[in-house]
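Next come the chains, spelled out residue by residue.
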Amino acid sequence: MKISNCVLLGLIILMSGCAQKVRIKALNPAEVGAMASKKKVAITSFKNDHVGLSAKIETQIAKYQLDKKRYFTVLSRKDLAKVMAEQKLQSSELMDETTATKIGKLVGAQALVNGEVTSSGDEGSYEEAREKCLSYYKDGSGCARYKHYKVTCRTTEASVSGSINIVNMEDGSLVYADTISKNYNGDSCKDGVTNLGLLSIRTGDKKILSKGQALQMLSNKIANEFVYKLTPHYFYFNVTILDEVEYEINESTNKSFTNALALIKAGRMDKAEKILTKVNDGLNGKSYVVAYDLGVIKEARAQFDSAKKFYAMADELTEAPIAEINSAVLRIDRLIAKRDQAKAQINR
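Calculation rules
- Residues numbered from 1 in each chain as written.
- Predicted model: local features only at pLDDT ≥ 70, side-chain atom pairs only at ≥ 80, totals over all residues.
- Heavy atoms only, no water.
- Core = buried A, V, L, I, M, F, W, Y, C linked by side-chain atoms within 4.5 Å.
- Buried < 20%, exposed > 50% of the residue type's maximum accessible area, 1.4 Å probe, protein only.
- Helix = DSSP H or I, 4+ residues; strand = E, 2+ residues; numbered from the N terminus.
- Contact = heavy atoms within 4.5 Å.
- Axes fitted to C-alpha atoms, helices over the stretch in contact; angles between N-to-C directions.
- Parallel < 35°, antiparallel > 145°, perpendicular 65-115°, else oblique.
- Left-handed = near helix turned anticlockwise from the far one by under 90°.
- Salt bridge = Lys/Arg side-chain N within 4 Å of Asp/Glu carboxyl O.
- Nonpolar A, V, L, I, M, F, W, Y, C, P; charged D, E, K, R; others polar.
- Disulfide = S-S within 2.5 Å.
- pLDDT = per-residue confidence, 0-100.
- Polar contact = N/O pair within 3.5 Å; in protein donor to acceptor, adjacent residues only side chain to side chain.
- Phe/Tyr/Trp six-rings, centres within 6.5 Å; stacked < 30°, edge-to-face > 60°.
- Lys NZ or Arg CZ within 6 Å of the ring centre and 35° of its normal.

K.L.:
Teacher, can you tell me more about the nonpolar core here?
P.N.:
Counting 38 residues, the largest nonpolar core has Ile-264, Leu-276, Val-290 and Tyr-292 as the members making the most contacts within it. Those elements that place two or more of their residues in this core are strand S1 (21-28), strand S11 (233-240), helix H5 (251-265), helix H6 (269-282), helix H7 (288-300), helix H8 (304-316) and helix H9 (323-347). In terms of residues, this core owes the most to one element, H7, which gives eight residues. In contact with Leu-276, not counting residues within four places along its chain, are Phe-257, Ala-260, Ile-264, Val-290, Asp-293, Leu-294 and Ile-297. Judged by nonpolar contacts, the second largest core, of 35 residues, contains Val-160, Ile-164, Leu-218 and Ala-342.

In structure tokens form, the structure reads like this:
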């Protein structure tokens, strides 16, 4: 395979950075697969929840959408609280199989999220001695006169931990349990220093979060991480395009191939695919580069099964291992498996 020329951007820029890449969008299944059949969810008020974690989780679950469709149906917390009050129950009692089944039927929930929160925070301050040069020796040998002074440095420490359970309201079993903890440490003086190897440069005192702001930020992070585990979601990565056919081709074919690469770069996958298909047919399907690039286009268009066929074709046409093709052959099977698992979760 020919190696394309790259322009060196200074002595420290590597040639590998010049390869054209295509962004791929793929679907990951939910980590907590059991929630696929429990899309009607109720969230109780968590114990010791001074940071509003249960409300944040409720909001995140309620607004989560996949392909512009809501994934969960969140049942009214007021209705749940009303039923529990009528039954004279605490949220901890929902771990009992009989109780959970009874409440689940009354409110129409398939799963219930409950939990307990621990949180703490502190704000403080200390003084730090500093100096500033007021004048320098004329010969440039150093500072002639210093000004010594002190500044007040503010500090914030905060931590939030949520022990969260998901109860199957149909039989009272535990679907999932997790404890997620987050911490924040802010120092207005230390955070205003940028370390560059052996050199430290003071960039000015940095604004840090207050205790209240830190606690809210940490609880938001816990809510996001928890809900992320319950839902299928898209992720993105880049795949390298091969930019030169491995053997000599005529000028017309080379021009078509070059145009296809330009269209890929511009995001015109539909037109690039048509041109590359003609190039592939004209070469009687003998170029692994063209077959591979067609596979990348199919993958970018989320047509993973078709992409797999082109990657297999490219693999058959090579004797020596090609890193991009090896990676594609292994990757596409994983993507297909994840896609199928995610779709099964969505459709349950």
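K.L.:
Just to check I follow, could you spell out the packing of H6 against H7 for this structure?
P.N.:
To characterise two packed helices, one gives the angle between the axes of the helices and the distance between these axes. For the pair H6 and H7, interaxial distance at closest approach is 10 Å and the crossing angle is 155 degrees. One element, H6, and the other, H7, form an angle in the roughly antiparallel class. Relative to H7, the crossing made by H6 is left-handed. Contacts between H6 and H7 pair Met-269, Ala-272, Glu-273, Leu-276, Thr-277, Val-279 and Asn-280 from the former with Val-290, Asp-293, Leu-294, Ile-297, Lys-298 and Ala-300 from the latter.

K.L.:
Whenever I open this one, the pattern of salt bridges confuses me. Can you help?
P.N.:
Side chains that differ in sign of charge can pair as their charged atoms come close. Under the counting rule described, the total for this entry stands at 10 salt bridges. The closest approach of N and O atoms between Arg-130 and Glu-128, which form a salt bridge, is 3.2 Å. Residue Arg-130 is classed as buried on the basis of its relative accessible area, which comes to 14%. Arg-339 is paired through a salt bridge with Asp-305; the nearest N and O atoms lie 3.1 Å apart. In this pair, Arg-339 is assigned in helix H9 and Asp-305 in helix H8, connecting sequence segments 34 residues apart. With a relative accessible area of 43%, Asp-305 lands in the partly exposed category. Linked through salt bridges whose partners overlap, the residues forming this network are Glu-273, Lys-298 and Arg-301.

K.L.:
Sorry if this is basic, but what is going on with the packing of helix H1 (residues 53-63) against helix H4 (residues 211-230) here?
P.N.:
Between H1 and H4, the least distance of the axes is 9 Å, while the angle of their chain directions is 45 degrees. Relative to H4, H1 is oriented oblique. The hand of the H1/H4 crossing is right-handed. From H1, Leu-53, Lys-56, Ile-57, Gln-60 and Ile-61 reach across to H4, where they touch Gln-216, Ser-219, Asn-220, Ile-222, Ala-223, Asn-224, Phe-226, Val-227 and Leu-230. Each residue belonging to the contact of H1 with H4 can be placed in one class, and the counts come to eight nonpolar, five polar and one charged.

K.L.:
Looking at this structure, how should I read the state of the cysteines?
P.N.:
Here a disulfide denotes a covalent bond joining the sulfur atom of one cysteine to the sulfur atom of another. One pass over the structure, following the stated rule, counts two disulfides. One disulfide bridge connects Cys-133 with Cys-143, the sulfur atoms lying 2.1 Å from each other. Handedness of the Cys-133-Cys-143 disulfide follows from its S-S torsion of about 110 degrees: it is right-handed. A residue pair is termed long-range when its members are at least 10 positions apart, and Cys-133 in strand S6 (residues 111-136) and Cys-143 in strand S7 (residues 143-168) qualify at 10 residues. With a sulfur-sulfur separation of 1.9 Å, Cys-153 is cross-linked through a disulfide to Cys-189. Between Cys-153 and Cys-189 the disulfide shows an S-S torsion of about -90 degrees. By sign, it is left-handed. You can see Cys-153 sitting in strand S7 and its partner Cys-189 sitting in the loop between strand S8 (174-187) and strand S9 (193-196), a full 36 residues away along the chain. Take Cys-153: its relative accessible area is 0%, and that puts it in the buried class.

K.L.:
It is not clear to me how the confidence of the model for the chain should be interpreted in this structure. Could you clarify?
P.N.:
The predicted coordinates should not be examined in detail at positions where pLDDT is low. Put simply, the chain has an average pLDDT of 88, and 89% of its residues get 70 or more. The model gives residues 1-17 a pLDDT under 50, and that stretch makes 15 contacts with residues more than four places away or in other chains. Note on residues 193-201: pLDDT under 50 across the span, and 11 contacts to partners over four residues away in sequence or across chains.

K.L.:
Where do I start with the environment of Gln-216 in this structure?
P.N.:
Note on placement: Gln-216 falls in helix H4. Assessed through its relative accessible area of 33%, Gln-216 is described here as partly exposed. In the structure, Gln-216 is positioned 56 residues away from Val-160 in sequence and 9.1 Å away in space, judged by C-alpha atoms. Within the structure, Gln-216 has its side chain in polar contact with the side chain of Lys-56 (distance 2.6 Å).

K.L.:
Is there a simple way to think about the packing of aromatic side chains in this case?
P.N.:
Two measures describe an aromatic ring pair: the distance that separates the ring centres and the angle between the ring planes. Taken as a whole and judged by the stated rule, the model has four aromatic pairs. Both rings, one in Tyr-71 and one in Phe-72, keep their centres 4.9 Å apart while their planes meet at 90 degrees; by these two values the pair is edge-to-face. Each member of the pair Tyr-71 and Phe-72 is classed as buried. Pairing Phe-235 with Phe-237 gives two aromatic rings, centres 5.8 Å apart and planes at 25 degrees, and the pair type is stacked. Lying over the aromatic face of Tyr-236, Arg-23 brings its terminal NZ or CZ to 4.1 Å of the ring centre. The ring of Tyr-149 carries Lys-147 above its face, with NZ or CZ at 5.8 Å from the centroid.

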